[in-house]
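# Fold and contact review
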Amino acid sequence: MSNVPAIGTYTSADKNFTLKISSANPSNGVITGVYSANYSPIGAFSVEGNVGNYGWVFSKSQGKDGVAPFNLSFGGAQRPDQRPYNIVDNWNGAYLTDNTILVEGTRSFVNSDGVVEVGSLGTLRFSL
């Protein structure tokens, strides 16, 4: 049972998305790493840096401080300098006791031609 998200690369069950966790800070709940999507209106894309957050529900008074399951969210956004588009993926769910992540994803995309796409990426399990 992990008390922070385990370091490593988590891949979605459909193999289209990855979350590489390089560090997970238990003091502020920030996840640093790389989020990647294999498909989007702009093709594949990756975002590196602070890509997520997590927060516990268990406490020391319960005798199991900071252990799974706990809430977790991650994703990435990309907007090039000339602003031809902006794309945002967000995943929200939970980190489970078996070191997998169960999340629901959404995506929003807007480009400078006025194209707007908003939708669900589905409910997926990410595994190491």
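Residues numbered from 1 in each chain as written. Predicted model: local features only at pLDDT ≥ 70, side-chain atom pairs only at ≥ 80, totals over all residues. Heavy atoms only, no water.

## Let's talk about the pattern of salt bridges
- Applying the stated criterion to the full structure yields 1 salt bridge.
- In this structure, Asp89 and Arg107 form a salt bridge, with 2.6 Å as the shortest nitrogen-oxygen distance. Of this pair, Asp89 sits in strand E6 (residues 85-95) while Arg107 sits in strand E7 (residues 101-111), and the two are 18 residues apart along the sequence.
- The class of Arg107 is buried, set by a relative accessible area of 9%. (Salt bridge = Lys/Arg side-chain N within 4 Å of Asp/Glu carboxyl O. Helix = DSSP H or I, 4+ residues; strand = E, 2+ residues; numbered from the N terminus. Buried < 20%, exposed > 50% of the residue type's maximum accessible area, 1.4 Å probe, protein only.)

## Regarding the sheet that holds E6
- Spatially, 8 strands are ordered E1-E2-E3-E4-E5-E6-E7-E8 in a closed barrel, and the strand pairing comes out antiparallel. In this sheet, adjacent strand axes meet at a mean angle of 25 degrees when their direction is disregarded.
- Of the pairings in the sheet, the one linking strand E4 (residues 45-55) to strand E5 (residues 70-78) comprises 4 bridges and is antiparallel in character. Its bridge partner lying in E5, Gly52 is registered against Phe74. (Pairing = 2+ DSSP bridges. Axes fitted to C-alpha atoms, helices over the stretch in contact; angles between N-to-C directions.)

## Examining the environment of Ala44
- Relative to the assigned elements, Ala44 resides in the loop between strand E3 (30-37) and E4.
- For Ala44, a relative accessible area of 57% corresponds to the exposed category.
- Dropping the residues within four chain positions of it, Ala44 is found in contact with Ala37, Asn38 and Tyr39. (Contact = heavy atoms within 4.5 Å.)

## Let's talk about the side chain of Ser12
- With respect to the helices and strands, the residue Ser12 is situated in strand E1 (residues 8-12).
- Among the residues examined, Ser12 registers a relative accessible area of 1% and is labelled buried.
- Here the side chain of Ser12 touches Asp14 through a polar contact of 2.5 Å, side chain to side chain.
- If we skip the residues at most four places from it in the chain, Ser12 touches Phe17, Leu124, Arg125 and Phe126. (Polar contact = N/O pair within 3.5 Å; in protein donor to acceptor, adjacent residues only side chain to side chain.)

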